[in-house]
Amino acid sequence: MAAPGAGRLRRAASALLLQSPRLPARELSAPARLYHKKVVDHYENPRNVGSLDKTSKNVGTGLVGAPACGDVMKLQIQVDEKGKIVDARFKTFGCGSAIASSSLATEWVKGKTVEEALTIKNTDIAKELCLPPVKLHCSMLAEDAIKAALADYKLKQEPKKGEAEKK
C-alpha cells in the first residue's frame, strides 16, 4: 500500500516535470524510441543463458562481434548422435536487441537438425522481434553466431589426421 500523501507527491512531481523548461510536455508524451514488446520480453526474461562444455565433441561454439557497436555474442549448440540440436546456450554483451536476438536464436535452433539450423536467417529474427533498421546488425550477429557454432561443431566431427591413419 502506498504511503499517505504519495499520490499528492506524485502529482506534484508530474506538475514540475511538465513545467520544466528542459522537458516540454510534448516530449514526455511520445518517447523517441521504444523497444517492441518481444524484444523487452527476451531482454527481461532471456532464454537459455549460460555455457556448455566447449571441449565436448558434440558442442559447437560460435563467438562473433560487431566492432562498430561493441556487441559480442557467444552461442553454443549441443548436438545428439542423430544430428539434432538438443540444447543451445548464449552469453551476449550488448544492447537489448542483441540479447533478444541471441535468446530467440537459441530457441529457434533447438530441435532442428544441423542443416535446418543453417536456414535461419537474420531477416527472420529481425521480423519476429520487429527490430528497427538501426538494430538489424543485432539479428545479423545472431545469424553469424549460429553459423559459427555449426561450423565449429562440424569441424569437431572431422577425424584428425592421426586418427584417420590408425583405422
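Residues numbered from 1 in each chain as written. Predicted model: local features only at pLDDT ≥ 70, side-chain atom pairs only at ≥ 80, totals over all residues. Heavy atoms only, no water.

A.B. asks: What should I look at first to understand the state of the cysteines in this one?
C.D. replies: By definition, a disulfide links two cysteine residues through a covalent bond between their sulfur atoms. Counting across every chain of the model gives 0 disulfides. Between cysteine 69, a cysteine without a disulfide, and cysteine 138, which holds the nearest cysteine sulfur, the sulfur-to-sulfur distance is 6.0 Å. Free of any disulfide, cysteine 95 has its nearest cysteine sulfur in cysteine 138, 3.7 Å distant. (Disulfide = S-S within 2.5 Å.)

A.B. asks: What is the right way to read the pairing of strand β1 (residues 59-66) from this model?
C.D. replies: Within a regular strand, side chains alternate between the sheet's two faces. Here β1 lies mainly inside the structure; 6 of its 8 residues are buried. Pairing between β1 and strand β2 (residues 71-79): 8 bridges, direction antiparallel. Counterpart to valine 64 in the pairing with β2 is methionine 73. With antiparallel pairing between neighbouring strands as the criterion, β1 and β2 make up a hairpin whose turn holds 4 residues, including glycine 70 at a positive phi of roughly 90 degrees. (Buried < 20%, exposed > 50% of the residue type's maximum accessible area, 1.4 Å probe, protein only. Helix = DSSP H or I, 4+ residues; strand = E, 2+ residues; numbered from the N terminus. Pairing = 2+ DSSP bridges.)

A.B. asks: Can you help me understand the environment of lysine 38 in this one?
C.D. replies: Tracing the backbone shows lysine 38 in helix α3 (residues 37-44). In this structure, the C-alpha to C-alpha distance between lysine 38 and glutamate 128, residues 90 residues apart in sequence, is 8.0 Å. Ignoring anything within four residues of it in the chain, the contact list for lysine 38 reads Glu128 and Leu129. (Contact = heavy atoms within 4.5 Å.)

A.B. asks: Help me out: how do you make sense of helix α6 (residues 122-129) in this one?
C.D. replies: In an α-helix there are 3.6 residues to a turn, and that puts residues three or four apart on one side. Residues of α6 that are buried include every one of Asn122, Ile125, Ala126 and Leu129, and no others. Take α6 and look down its axis: the buried residues cluster within an arc of 95 degrees, on one side only. The exposed residues of α6 that point more than 90 degrees off its buried face are Thr123 and Lys127. Buried residues along α6 sit in contact with α3, α4 (96-109) and α7 (136-157). (Arc of directions from axis to C-beta.)

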